[in-house]
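# Geometric and topological summary
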Amino acid sequence: MHLINFKELSGQQIMEIVDKGIEIKRNPKKYRGALEGKTLAMIFQKTSTRTRVSFEVAMTQLSGHAIYMDWRVTNFTIADIYDETQYLSRNVDCILARLIRDSDLQVMVKASQVPVINGCDEKYHPTQAIADLITMKEKKSTLKDAKLVYVGVHNNVCNSLIEACTKVGVEIVTVTPIFNEPSRDDELLDSAKKTGLYRTTLDLKEALKDADFVYTDTWIDMEFFQDPKYAEEKEKRMRIMIPYQINEKNLAGSNAWIMHDMPIHRGYEISSDIIESSKSIIYEQSENRLYSAKAILLKLLGKY
Ligand code: CP
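My aim in this report is to walk through the structure given alongside it, one point at a time. (Residues numbered from 1 in each chain as written. Predicted model: local features only at pLDDT ≥ 70, side-chain atom pairs only at ≥ 80, totals over all residues. Heavy atoms only, no water.)

### Digging into the overall build of the chain
Looking only at helices and strands, the chain features 11 helices and nine strands. Here the C-alpha radius of gyration of the chain, 19 Å, is about what a compact globule of 304 residues would show, namely 19 Å. Viewed in the frame of its principal axes, the chain has a C-alpha envelope of about 55 × 45 × 35 Å. Looking at the chain as a whole, 57% of its 304 residues qualify as buried. Restricting to contacts in the chain with at least 6 residues of sequence separation, those with at least 24 account for 73%. Surface accessibility of the chain: about 13,300 Å² in total, with carbon and sulfur atoms responsible for 48%. Positive and negative charge centroids in the chain, built from 41 and 43 side chains respectively, lie 4 Å apart. (Helix = DSSP H or I, 4+ residues; strand = E, 2+ residues; numbered from the N terminus. Rg over C-alpha atoms; globule rule 2.2 N^0.38 Å. Buried < 20%, exposed > 50% of the residue type's maximum accessible area, 1.4 Å probe, protein only. Contact = heavy atoms within 4.5 Å. Areas by Shrake-Rupley, 256 points an atom, 1.4 Å probe, with all protein chains shown as cover. Lys, Arg positive; Asp, Glu negative; His and termini not counted. Charge placed at Lys NZ, Arg CZ, Asp CG, Glu CD.)

Structure (structure tokens):
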């Protein structure tokens, strides 16, 4: 079993991982030693704080070992992903990969003899979505009848949220004036629409009615944020997106919890005062990456 997106998982299977994450958070000692002797290879083509730290700490606390591999200093740069993965999967028990291209990740999956976890590619960010559902369930006790509004660019995080939410019974409304084309997965959106739980609109005020959670993410993919070649596109995105910033004015009348998967660009997708507000659960959400990582690792390594 791999975790690339949620296509192969039912809502019940997703909830099993979410509930395991909550249980591990409550009883961490029970799981000490659960992955003794196991090794996770973590290979990153892009920068990361949370994904790297949460999976590395998860392996340490479960008595396993994690190897961090910066793509640029490995021979993945000069050889086939297929061949390098064939080797890697013969020496480790699980692979976490943050690759730019989903097609490259699919090659890795084909070559690997061990589970592969998508640490965020251009299309999906499933490990983040598990942490998000853990956070939402902690706040609301049940996810049934919960409503989340995603405001931002339609991207990889948005796709995984739509897929996860509609499978577990959460209503999700997206307010996404820009669609990140490399993230496009029409099959995922069609399946989500069929559940009756997903719709998209540009009317932010209407979308926020009765919302339990409002969620935003960066408007610019991390690899482009500082890139001078992307400056013009960045400027264009800022102009289109600024009316949709998560701020006091746009949230007037809403009692929704505020979520953001981080890293945050203060003053862009969200104002500083909202990050610090009593309704913000952003830092709890980021902490839950650890319990999400543990639950995913234990699942993929056959421990429940
Ligand atoms: N949310 C998230 O994936 O954080 P990092 O990019 O820091 O891993």
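Past the structure itself, the notes keep going.
### Here's the deal with the pattern of salt bridges
Tallied over the entire structure, the rule returns 17 salt bridges. Close ionic contact of Arg184 with Glu181 constitutes a salt bridge, the shortest N to O distance being 2.8 Å. Classification of Arg184 by relative accessible area gives partly exposed; the value is 31%. Between Arg184 and Asp186 there is a salt bridge, and its shortest N-O distance comes to 3.0 Å. In the salt-bridge network here, residues are joined through shared partners; they are Lys20, Glu23 and Lys30. (Salt bridge = Lys/Arg side-chain N within 4 Å of Asp/Glu carboxyl O.)

### Side note on the packing of aromatic side chains
One pass over the full model with this rule turns up three aromatic pairs. For the pair Phe44 and Tyr68, a centre-to-centre distance of 5.5 Å together with 40 degrees between the ring planes defines the contact as tilted. Taken together, the residues Phe44 in strand β1 (residues 39-44) and Tyr68 in strand β2 (residues 65-70) connect sequence positions 24 residues apart. Directly above the ring of Tyr304 sits Lys20, whose terminal nitrogen or CZ lies 4.8 Å from the centroid. Positioned above the aromatic ring of Trp257, the side-chain terminus of Lys279 is 3.7 Å from the ring centre. (Phe/Tyr/Trp six-rings, centres within 6.5 Å; stacked < 30°, edge-to-face > 60°. Lys NZ or Arg CZ within 6 Å of the ring centre and 35° of its normal.)

### Describing the packing of helix α5 (residues 126-140) against helix α11 (residues 282-300)
At a closest axis distance of 8 Å, the pairing of α5 and α11 adopts a crossing angle of 115 degrees. Crossing geometry of α5 relative to α11 is assigned as right-handed. The segment α5 lies against α11, with Thr127, Gln128, Ile130, Ala131, Asp132, Ile134, Thr135, Glu138 and Lys139 engaging Glu284, Gln285, Asn288, Arg289, Tyr291, Ser292 and Ile296. (Axes fitted to C-alpha atoms, helices over the stretch in contact; angles between N-to-C directions. Left-handed = near helix turned anticlockwise from the far one by under 90°.)

### Brief notes about the sheet that holds strand β5 (residues 147-154)
With parallel pairing, the five strands of this open sheet are ordered in space as β7-β6-β5-β8-β9. At either end of the open sheet lies a strand with only one pairing partner, and these are β7 (198-200) and β9 (257-260). Between one strand and the next, the sheet's axes are offset by a mean angle of 20 degrees, whatever the strand orientation. Note that strand β6 (residues 171-179) and β7 share three bridges and pair parallel. Bridge pairing links Thr174 to Thr200 in β7. Contacting β5 and β6, helix α9 (residues 231-241) crosses the sheet at an angle of about 130 degrees to β6. Across the sheet, α11 is in contact with β8 (213-216) and β9; its angle to β9 comes to roughly 50 degrees. (Pairing = 2+ DSSP bridges.)

### Notes on the site of the ligand
Surrounding the ligand, one finds 11 residues, the nearest of these being Ser48, Thr49, Thr51, His125 and Met262. Arg50 is positioned such that a nitrogen or oxygen atom in its side chain is 2.9 Å from an oxygen atom of the ligand. Considering the ligand on its own, with 250 Å² of exposed area, one finds that the protein chains cover 97% of that surface. Its residues assigned to classes, the shell around the ligand comprises two nonpolar, five polar and four charged. (Near = heavy atom within 4 Å. Polar contact = N/O pair within 3.5 Å; in protein donor to acceptor, adjacent residues only side chain to side chain. Nonpolar A, V, L, I, M, F, W, Y, C, P; charged D, E, K, R; others polar.)

### A word on the environment of Met238
Structurally, Met238 can be placed in helix α9. Taking C-alpha positions, Met238 is 45 Å from Ser63, a pair spaced 175 residues apart along the chain. Beyond its immediate chain neighbours, meaning those up to four positions away, Met238 contacts Trp219, Ile220 and Tyr268.

### Description of α5
When the terminal C-alpha atoms of α5 are compared, their 21 Å separation across 15 residues agrees well with the 21 Å that a helix rising 1.5 Å per residue should span. Across the 15 residues of α5, 11 count as buried, placing the element largely inside the fold. Looking one or two residues past α5, Ser141 carries a phi angle of roughly 70 degrees, positive in sign. (Expected span 1.5 Å × (residues − 1).)

Don't take any of this as a statement about function, it's just geometry.
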